[in-house]
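Listed below are the residues making up each chain.
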Amino acid sequence: MSEVDRVLRRAARRLFVDRFLVSLTLAAAGALIAALALLLGNRLLGFAVDWPIVGSTLAALATLGAGVHAFATARDRARVARLIDERAELRESLSTALAVAHQQDPWSRATVEDARRRAASVDLRRALPIGMPRRWSAPIVASAALLIAWLAVPQADLLGRSRDREVQTEQQAELIEAVAQVEEIDRDLEALFAGLGEQPSADPAPATDPAAAPSPDEIRRAAIRRLTAAQDRLAELRRSDSARALDAVRESMRDLRQPGVGPANDLVSALQRGDFSRASEALSEMMNKLAQGGLSEEQQQRLREQMKNLADQMQKIAEQRKSLEEALRKAGVDPNLARDPGALAQALENAAGLTDEQKQELRRQAQGAAAAAQQMQQLADAMQQAGQAGGEPLQGMFEMADGLSDLEMLQQQMNQVAAGERFAWGKINDLSQCLGGGAGEHSPFELWRDNMSIGRGSTGGADLDASDAQANTTKVKAPSPVRPGPIVGRMMVDGEQVRGESRAEFTALAEAGAQAAADAIETKVAPREYHDALKHYFGRLKEKAASDANPAPGPQR
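These numbers come from a predicted model, not from an experiment.

**Points about the pattern of salt bridges**
All chains considered together, the criterion is met by twelve salt bridges. A salt bridge links E236 to R233, with the shortest nitrogen-to-oxygen separation between them at 2.9 Å. In this pair, E236 and R233 both sit in helix 9 (residues 216-238), three residues apart, roughly one turn of the helix. Under the relative-accessibility criterion, E236 is labelled partly exposed at 41%. Looking at R233, the relative accessible area reads 28%, which means it is partly exposed. E298 serves as the salt-bridge partner of R302, at 2.8 Å between the closest nitrogen and oxygen. Note that R302 and E298 are positioned in helix 13 (residues 297-320) at a spacing of four residues, about one turn of the helix. Taken together, the shared-partner salt bridges connect D114, R117 and R118 into one network.

**Side note on the environment of G403**
As for its position among the elements, G403 is in helix 17 (residues 393-435). With relative accessibility at 9%, the residue G403 sits in the buried group. Along the primary structure G403 and M376 are separated by 27 residues, whereas in three dimensions their C-alpha atoms are 9.0 Å apart.

**Structural notes on the nonpolar core**
Core analysis: the biggest nonpolar cluster contains 61 residues, and M253, L267, L271, M307, M314, M397 and L404 have the highest contact counts within it. Those elements giving two or more residues to this core turn out to be helix 8 (161-196), helix 9, helix 10 (241-253), helix 11 (265-273), helix 12 (276-291), helix 13, helix 16 (356-386) and helix 17. Considering every element that reaches this core, the biggest residue donor is helix 17, with eleven residues. Those residues in contact with M314 that sit more than four places away from it in its chain are M253, L256, L271, M376, L379, A380 and M383. Counting residues in hydrophobic clusters, the runner-up holds 19 residues, among them V7, I84, L90 and L94.

Basis of the calculations
Residues numbered from 1 in each chain as written. Predicted model: local features only at pLDDT ≥ 70, side-chain atom pairs only at ≥ 80, totals over all residues. Heavy atoms only, no water. Salt bridge = Lys/Arg side-chain N within 4 Å of Asp/Glu carboxyl O. Helix = DSSP H or I, 4+ residues; strand = E, 2+ residues; numbered from the N terminus. Buried < 20%, exposed > 50% of the residue type's maximum accessible area, 1.4 Å probe, protein only. Core = buried A, V, L, I, M, F, W, Y, C linked by side-chain atoms within 4.5 Å. Contact = heavy atoms within 4.5 Å.

In structure tokens:
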């Protein structure tokens, strides 16, 4: 019976494959028809279809359905035996042997033995061939119909579902972008104010969950309000007493002159440029050389002379308060009151021609000038101590280092404030452009002015106009070469004609050129190989100017 059982098992497998192919053909045709229906629904009615998921799902369902159908319609051993007997013309040998296999009578054993011999000679490939299903063309026809519909049916969207879905997708993407943009701005603002030792705006940040967040425009408007509040706070820092004091100190430092040649040249050059960071470095290098014995006696003597000269200049500059005097002069107040804070306060109180804002501004300038004068006086005292003969120059330099360190920190803070203002304005501009419309609509700034509930100072946000926008201007003189041409105009001047050659302008130019050359040499702007030539040339000019200013007496007539 072993040969009979083997033939029956092989036959059952071939029958299962045949049924599976037939079922798979029908299932594939059904899946393609379903895909065609979904395509028509997507194109005509706007139903959302994720084709990768739909395609994989339909393929899996078709395969699974074909397998289940093949298992469900499987034949038992008796039916398989009868089918082989019929197809192989065995005259019921296998089915009869299968029925009497458990009987031991001679006829039954003879029947089984005959079936075993016949089974060994059965060719199942001929008896049970596996070929193309009868409806093999159904999937091909369905595929062709699906392809034609995919290429020919337009996106009609009769119900408007696709448009609504696209709008919703775009809004969701814009909302996510707005939230990410504003979160980045908030992080930058927080880092900026943390570096300045300040707290950012208390206006709440937008919701991080796009589903719970308001509209993108509301998110951007809230960010613009925070940026505007940050700008106002930065403007207050820029107008603070310490900032005014720094500006006054830097303005005063421009009046410094090189106190001769010596080890402090780099320090003086940095002070003249208002670069307190470089001044601190130059002072530190000079202190290290002095502490390690790197300066000779002659250099130490020159250093003391330079420090004493600088102390005298600082003392005079601290007493002058030029910037405050100029501001008082423009406001119609006696500039001599700049050196008397009490009298200045009384004069401002009694000034009838000034508004309260102008008075407040002058008071703040006076406070800044006083703070600057105090800074300059401290530096002057330290330089005076460093320049004393027989004293301890390092002690004075240590006090100078403390003063320069304070100025350097304040300068860095003001640089951060300026960078923060540029950052805030740039982000406001970016956000307002995102809020702005297309051609023919309001500009981003007008939309920001009209729709934002923000205030700048006391305006409340209602009276903003384009003049409130920050702008940078640079004044330049256009080149105007002198060319031959007719005389445009003449002017007669009463007075006696002076005979001879004019020497005053030449003397002033010679002195200015000599000073500019000395500054270029001391600040190392001019290359070293040109130093001797510059000194020789401008030295001759000064001698010529001096001789012209005091000419030798000629013969009396």
